[in-house]
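Tertiary structure, described
Listed here are the chains, written in short residue letters.
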Amino acid sequence: MEWTPEQDRLRHEYEELARSTVALRAAECYQAGTLDHHSWETLTECGFWRLAVPAKYGGAGTSYWDFVAALEGLASGAGDLGFLLSVIAHSGTLRGLVEFGTDCQRRRHLEPLMAKAIASTAITEASGGSDVARIRTGAVAVANGYAITGQKCHITNAPIADIALLLARVAGLGRRDITIFVIERTTPGIEMGPPEPMLGNRTSPTGSITLQNAVIAADEILGSIGNGLEPMYSVISHDRVLYGIVAAAFIDPLVDQVLRFVEQRQAFRSPIAEHQYVQGRVTDLVILRDTIRWVSYGALGRLLTGHPEASASCSVAKLAACEGLCQATQHVMAIFGHIGYMAGPISRAAADALGTRIAGGTAEMQRKNIFHQVVGRPAKAQEATCHTGFAQT
Ligand SMILES: Cc1cc2nc3c(=O)[nH]c(=O)nc-3n(C[C@H](O)[C@H](O)[C@H](O)COP(=O)(O)OP(=O)(O)OC[C@H]3O[C@@H](n4cnc5c(N)ncnc54)[C@H](O)[C@@H]3O)c2cc1C
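Residues numbered from 1 in each chain as written. Predicted model: local features only at pLDDT ≥ 70, side-chain atom pairs only at ≥ 80, totals over all residues. Heavy atoms only, no water.

The description of two packed helices rests on the angle between their axes and on the distance between the axes. In the contact formed by helix 8 (residues 276–304) and helix 9 (residues 310–336), the axes pass within 8 Å of each other and the chain directions differ by 160°. Comparing the axis directions of helix 8 and helix 9 gives the class roughly antiparallel. For helix 8 against helix 9, the interelement crossing comes out left-handed. Residues that form the contact of helix 8 with helix 9 fall into these classes: 18 nonpolar, five polar and three charged. (Axes fitted to C-alpha atoms, helices over the stretch in contact; angles between N-to-C directions. Helix = DSSP H or I, 4+ residues; strand = E, 2+ residues; numbered from the N terminus. Parallel < 35°, antiparallel > 145°, perpendicular 65-115°, else oblique. Left-handed = near helix turned anticlockwise from the far one by under 90°. Nonpolar A, V, L, I, M, F, W, Y, C, P; charged D, E, K, R; others polar.)

A separate point is the site of the ligand. The full set close to the ligand counts 17 residues, and T124, G129, S130, T362 and E364 are the nearest of them. One of the side-chain N or O atoms of T156 is found 2.8 Å from a nitrogen atom in the ligand. Between the ligand and T362 there is a distance of 2.6 Å, counted from an oxygen atom to a side-chain nitrogen or oxygen. Starting from 970 Å² of accessible surface for the ligand in isolation, the protein chains cover 65%. Looking at the shell around the ligand residue by residue, the classes come out as six nonpolar, nine polar and two charged. Residues lining the shell around the ligand come from more than one domain, with at least three contributed by each of domain 2 (121–222) and domain 3 (229–385). (Near = heavy atom within 4 Å. Polar contact = N/O pair within 3.5 Å; in protein donor to acceptor, adjacent residues only side chain to side chain. Areas by Shrake-Rupley, 256 points an atom, 1.4 Å probe, with all protein chains shown as cover. Domains from an automatic or database assignment.)

Taking 1.5 Å of rise per residue, 12 residues should cover 16 Å, and helix 11 (residues 345–356) covers 17 Å from first to last C-alpha, within 8% of that figure. A large share of helix 11 lies buried, amounting to nine of its 12 residues. Listed in full, the buried residues belonging to helix 11 are I346, S347, R348, A349, A350, A351, D352, A353 and T356. (Expected span 1.5 Å × (residues − 1). Buried < 20%, exposed > 50% of the residue type's maximum accessible area, 1.4 Å probe, protein only.)

Taken together, the side chains of F371, V374 and V375 define a hydrophobic patch exposed on the protein surface, amounting to about 290 Å² of accessible area. Looking at where V374 falls in the secondary structure, it is placed in helix 12 (residues 363–375). Overall, the relative accessible area of 60% leaves V374 in the exposed class. (Patch = residues over 30% accessible without salt bridge, like charges linked within 9 Å, V, L, I, M, F, W, Y side chains within 5 Å. Salt bridge = Lys/Arg side-chain N within 4 Å of Asp/Glu carboxyl O.)

Right, let's get into the environment of G361. Summarising the element assignment, G361 is placed in the loop between helix 11 and helix 12. Residue contacts for G361: discarding those within four places in its chain leaves R240, K318 and Q366. (Contact = heavy atoms within 4.5 Å.)

For the rest of this paragraph, the subject is unusual backbone geometry. Here the phi dihedral of H154 falls at roughly 60°; this positive angle occurs in a residue that is not glycine. Its location among the elements puts H154 in strand 3 (residues 145–156). Relative accessible area serves as the criterion here: at 49%, H154 is assigned to the partly exposed category.

The full count for this structure, using the stated rule, is 20 salt bridges. Where E6 meets R9, a salt bridge forms, and the shortest distance between an N and an O atom there is 2.8 Å. One end of the pair, E6, and the other, R9, are both in helix 1 (residues 5–20), three residues apart, so they sit about a helical turn from each other. Using a relative accessible area of 39% as the deciding quantity, one classes E6 as partly exposed. A relative accessible area of 42% places R9 in the partly exposed class. Salt-bridge contacts for R50 lead to E111; the nearest nitrogen and oxygen are separated by 2.6 Å.

Our focus in this paragraph is the nonpolar core. The biggest cluster of nonpolar side chains holds 95 residues, and the ones touching the most others in it are F48, L74 and L242. It is helix 7 (residues 229–264) that provides the largest number of residues to this core, a total of 20 residues. Once residues lying within four places of it in the same chain are set aside, the contact partners of F48 are Y14, L43, F67, A70, L71, L74 and V87. Counting residues in each nonpolar core, the second largest holds 20 residues, with A161, L166, I183 and I190 among its members. (Core = buried A, V, L, I, M, F, W, Y, C linked by side-chain atoms within 4.5 Å.)

In structure tokens:
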């Protein structure tokens, strides 16, 4: 897999852009606990989101790999994992609308999402995120659509989102009742909560969405009524593989920093680069990065071509990415010693990395999904398959 010259150009362009915006503002935004709106707007003005949307829907994308090349550049230059989690969440909604939206939904939502609007994907509730079958948010048919009541929590971008893909159960449908609704912040009865206090990812505002008899038009159902799991799993698989693309690119500059540091830092009358245990950490860092990268490219290729095991491959990529990111940031912190432990980019990255183990489905859920697909065990009922780890058969 090689980037085309144009994709290489995009990768470098967005890396430079991220260095000159996101990276410079990361510490300040982390301190304030806010999304870097300035950098988000800069990305938007440069046409970043348009790369994710085919030209026939108003975007500029000719291949999804163009967007991925730009995202990789962004992740390499940004130095802010939280910002990148918000980017992944937004691009998941774009992808869901492109793949499963009606013409009317695409016309209505894609243009704002390629411009200023910010998006979320809302599945998790207080009762738990892994077992999607337990969601309680309910939709009842009314004259002008569906009245939705319930609460989602821990939703990336929710405090600032204009639009969300939201999973709810439609009353009276029986076992296959889980449905995706495209909801808008301005709808009466919808309230976005404030950012939740978290250990890391403070630049990715994460919070609740509360719905109290919020009436959503029937034509805002994404996919078909009662069949929300399949498109939602597709969005989740997409997000999972982007964790891999982002994680490998995020590690790139860490490798460069570590290589410079181990040559400069002296201990026992030599640069620490000459000590074998240090060399082991540097080597592991490179192995982690390259493993994540190539597994993710492979998984994305499978996802984009509709390979039957794409969902499992995306889980492998997500698992490798998030476990690898945690290990990689620990290696960097260890090599930098107390400098790495002090408040700053290295300790921030280590705290942020921990959150990626949970967001997008925990490691256990990735393993369950891989097992389910590899064993090929048929699902007997919706209840047996609906957890964030499993593909619907
Ligand atoms: C930074 C961040 C961003 C997030 N963004 C979003 C978002 O945008 N949208 C959204 O919907 N959610 C989001 N979440 C929530 C996330 O998806 C859930 O936290 C996650 O799915 C796990 O759910 P839970 O925390 O309720 O844990 P639970 O589901 O209650 O699980 C608790 C523990 O039990 C384990 N477990 C559960 N079932 C099994 C099993 N069958 N076998 C083995 N182990 C099991 C889990 O792996 C976990 O370790 C985000 C979370 C974080 C940290």
